[in-house]
Amino acid sequence: MLLSAALLPARAAPSDSAGQAAAAARIVFINSYHRGYSWSDAVEQALQDELARSGRATELSFEYLDSRRFGYGGQIPLIARTLAAKYRSYRPEVLVVCDNPAFEFAMQYREQLFPGVPMVFCGYNDFPPETARWLTNATGVTEATPIEDSVAMALKVHPDTHTLAFITSTTSSTNARVAQAAEFAIFPELRQRFDVVEIKDAPMARIRQRLAELPSSSLVFLAGQANQRTNGRMITPDESSSLIAAASPFPVYAFWDSDLGHGVLGGHFVTAHQQGATAARMALRILDGTPADQIPVVMQAPTEDIFDARVMRRFGISAEQLPASARIIGQDTSVWATYRGQIIGIATLLALQGALIALLLLQSRGRRKALSELDRERSLLEQHVAERTRALEAANTQLAHLSRTDKLTGLANRRHLDLVLETEFARLRRSGAPLSLIMIDIDYFKQFNDTYGHVTGDECLRTVGHLLARMVNRTPDLAARFGGEEFLIVLPETDAAGARALAEGLRQSIADLAITHASSPVARHVTVSIGVLTVHPAAIDSVHSAVSQVDRHLYAAKQQGRNRVVASGEQGHQR
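Calculation notes
- Residues numbered from 1 in each chain as written.
- Predicted model: local features only at pLDDT ≥ 70, side-chain atom pairs only at ≥ 80, totals over all residues.
- Heavy atoms only, no water.
- Helix = DSSP H or I, 4+ residues; strand = E, 2+ residues; numbered from the N terminus.
- Rg over C-alpha atoms; globule rule 2.2 N^0.38 Å.
- Buried < 20%, exposed > 50% of the residue type's maximum accessible area, 1.4 Å probe, protein only.
- 1 Å grid on protein atoms, 1.4 Å probe; cavity = no way out; pocket = protein on both sides within 12 Å on 5 of 7 lines; lining within 4 Å.
- Points joined across faces, edges and corners; volume = space filled by probe spheres on them.
- Nonpolar A, V, L, I, M, F, W, Y, C, P; charged D, E, K, R; others polar.
- Polar contact = N/O pair within 3.5 Å; in protein donor to acceptor, adjacent residues only side chain to side chain.
- Salt bridge = Lys/Arg side-chain N within 4 Å of Asp/Glu carboxyl O.
- Pairing = 2+ DSSP bridges.
- Axes fitted to C-alpha atoms, helices over the stretch in contact; angles between N-to-C directions.
- Phe/Tyr/Trp six-rings, centres within 6.5 Å; stacked < 30°, edge-to-face > 60°.
- Lys NZ or Arg CZ within 6 Å of the ring centre and 35° of its normal.
- Parallel < 35°, antiparallel > 145°, perpendicular 65-115°, else oblique.
- Contact = heavy atoms within 4.5 Å.
- Core = buried A, V, L, I, M, F, W, Y, C linked by side-chain atoms within 4.5 Å.
- Disulfide = S-S within 2.5 Å.

The next point concerns the overall build of the protein chain. For the protein chain, the helix and strand inventory stands at 18 helices and 19 strands. Relative to its length of 575 residues, the protein chain is extended, with a C-alpha radius of gyration of 33 Å against a globular reference of 25 Å. Seen through its C-alpha atoms, the protein chain measures out along the principal axes to roughly 85 × 85 × 60 Å. Going through the 575 residues of the protein chain one by one, you find that 44% of them count as buried.

The subject of this paragraph is empty space enclosed by the protein. Overall, the coordinates contain one cavity of 30 Å³ or more when judged by the stated rule. When its volume is computed, the largest cavity comes out at roughly 160 Å³. Going through the elements one at a time, helix H7 (173-190) and helix H9 (237-247) are the ones with two or more residues in the lining of the largest cavity. Partitioning the lining of the largest cavity into residue classes produces five nonpolar, seven polar and four charged.

Attention now moves to the environment of Tyr253. Within the secondary structure layout, Tyr253 lies in strand E11 (residues 252-254). By relative accessible area, Tyr253 is classed as buried at 1%. Taking C-alpha positions, Tyr253 is 54 Å from Gln353, a pair spaced 100 residues apart along the chain. At 2.7 Å, the side chain of Tyr253 forms a polar contact with the side chain of His158.

As a further point, take the pattern of salt bridges. Under the criterion given, the structure shown has 26 salt bridges. We note a salt bridge from Asp288 to Arg56, for which the minimum N-O separation is 2.3 Å. You can see Asp288 sitting in the loop between helix H10 (272-287) and strand E13 (304-308) and its partner Arg56 sitting in the loop between helix H2 (38-54) and strand E2 (58-64), a full 232 residues away along the chain. On the basis of relative accessibility, which here comes to 30%, the residue Arg56 falls in the partly exposed class. Between Arg376 and Glu373 there is a salt bridge whose closest N-O contact spans 2.7 Å. In this pair, Arg376 and Glu373 both sit in helix H13 (residues 364-403), three residues apart, roughly one turn of the helix. On the basis of relative accessible area, Arg376 is assigned to the partly exposed category, the value being 44%. Its relative accessible area of 38% is what places Glu373 among the partly exposed residues. Look at the salt bridges and you will find they share partners, linking Arg35, Asp41 and Glu44 into a network.

Taken together, the five strands give an open sheet; going across it, the order is E16-E17-E15-E18-E19, and neighbouring strands pair in mixed fashion. The open sheet has two edge strands with one neighbour each: strand E16 (478-483) and strand E19 (565-567). With strand direction ignored, the average angle separating the axes of adjacent strands in the sheet is 20°. Pairing analysis gives seven bridges linking strand E15 (residues 435-442) to strand E17 (residues 486-492), with the strands arranged antiparallel. By the bridge assignment for E17, Asp441 is matched with Glu486.

In this structure the tally under the stated criterion is 16 aromatic pairs. Here Phe103 and Tyr124 contribute two aromatic rings whose centre-to-centre distance is 4.6 Å and whose plane-to-plane angle is 80°, an arrangement assigned as edge-to-face. With Phe103 in helix H4 (residues 99-113) and Tyr124 in strand E4 (residues 119-124), this pair connects stretches of sequence that are 21 residues apart. Ring-pair connections join several aromatic residues into one group, and the members of that group are Phe166, Phe187, Phe221, Tyr253, Phe255, Trp256 and Phe307. Geometry around Phe482 places Arg414 over its ring, the cationic atom sitting 4.0 Å from the centre. Its end group placed over the ring of Tyr444, Arg562 keeps NZ or CZ at 4.2 Å from the ring centre.

A few words on the packing of helix H15 (residues 445-452) against helix H16 (residues 454-471). Relative orientation of the contacting elements H15 and H16 amounts to 135°, with a least axis distance of 7 Å. Considered as vectors, H15 and H16 are oriented oblique to each other. Contacts from Phe445, Phe448, Asn449 and Tyr452 of H15 reach H16 at His454, Thr456, Gly457, Cys460 and Leu461. Tallied by class, the residues present in the contact of H15 with H16 amount to five nonpolar, four polar and no charged.

Further remarks concern the nonpolar core. Judged by nonpolar contacts, the single largest core of 57 residues is most densely connected at Leu164, Phe166, Phe221, Tyr253 and Phe307. Counting residues per element, this core draws most heavily on H10, which supplies eight residues. If you look at the next biggest cluster of nonpolar residues, it comprises 28 residues, including Leu408, Leu467, Ala479 and Leu491.

Another point: the state of the cysteines. Tallied over the full model, the rule gives zero disulfides. The thiol of Cys98 is unpaired, and the distance to the nearest cysteine sulfur, on Cys122, comes to 4.2 Å.

Interpretation in functional terms is not warranted from these geometric data alone.
Structure (structure tokens):
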């Protein structure tokens, strides 16, 4: 009955939600960074939670500048043109921007993209007070990095500290401003009382070395990130925080709450949640009719002392050493608080089981009969479960095979090919061994289909596929259908000579099949053109680059008359 009652309003929801969607207020949120960056993700979540609590129907659109992971600058006009095309016929009621790159982008393109739309900013670092005087139709909340307060708070927790190490960087505009402010306004005063060490724009190897050289009475402060790249991009602040905290033999403090949960002990934070919630409340006031210019810019955002209980245990820090108002995250709870429901349930079950046993002891003859019947039913149930389990395992095995197999040829399909390529590329990049690729295309296959029909064409593809499966039979090798009449063979740890020889053997074997092809200008039977590439994965950018290169060799084979093999650095060769 409860389930039926719960479902009744759910069925009426579509018509209600449709009416709300029609009247929803449009809000465009421009994020300086990317999904997965914990700071801006927390700002987004707080914004959405605050809007949901208001009860107002809103329609949020999110745009990401990705300014932290990749080089940021040259693509700004392209992003602006993309947004202009995207929002040409979609006018929002409010524009919300998060952090400095998004604010600067909005200042440059706001009137072009969203003319007359009020703006709310949040997460702006080092906001000049005079800027608030010339801003029009805009308001927001600043994010002043509380470096002095954070250092003072940390020194109260660690009064015996003599050395302060600061990790700074200029990898982003925000980090560069923080580094500059610290170097000119904070470090000179601190150096009068402490040994101040600045590790600036350093890779992880250098950071590890410098931290290992520091005395035991040291503290580390994350005012930037490691200058480290991976997979063609700069590592994220979260990745940097985790690496630095793991490498540091001393407590690490940070200035952004997004660093918590990555091995950082704590800090005096302007929180992402407060930034997003404040921006949401300002946006709601604008939607209620208050002009943005009449909402004062919040110049001094609230701060909070937050510590990670897990890191406190690592360095033997007790709650009594912390500021009285500090909030501790990651604390263990008691077994009773965590498992109270389960404990009560198990105790109740044990009590009922005891009562049942007592009753069965009074009815010994009935008990023996009941147990005998129960054993029989249990045996039947176990047999049934075993049969269903075997059937399910067989079905899963068949499904797994089908998910990676091309239905027509029986070779690996494109999805499985892409997975194997990425896996082998990464493995061989570490080992330094070569990777060879062979790309095969059936010559004039369209004319074959036009002459003999698609049923015969499919049979031709099956025949070629079966031949490839027989000849490419080494355990690490893989033959796959690349698409249409094209096939790709992956040969890990195979040098150029071996790949060249196999390609020539495949070409000749396919020709020896003597599949009639009267409409081919090359021969009276089916032939193939083949491209061969041998590379060392550590020397090239990506799998995509390798596939593109072998595709060019295949194209060269076609240009040179088909029915031939073209490998890296060779001219086409026909036998």
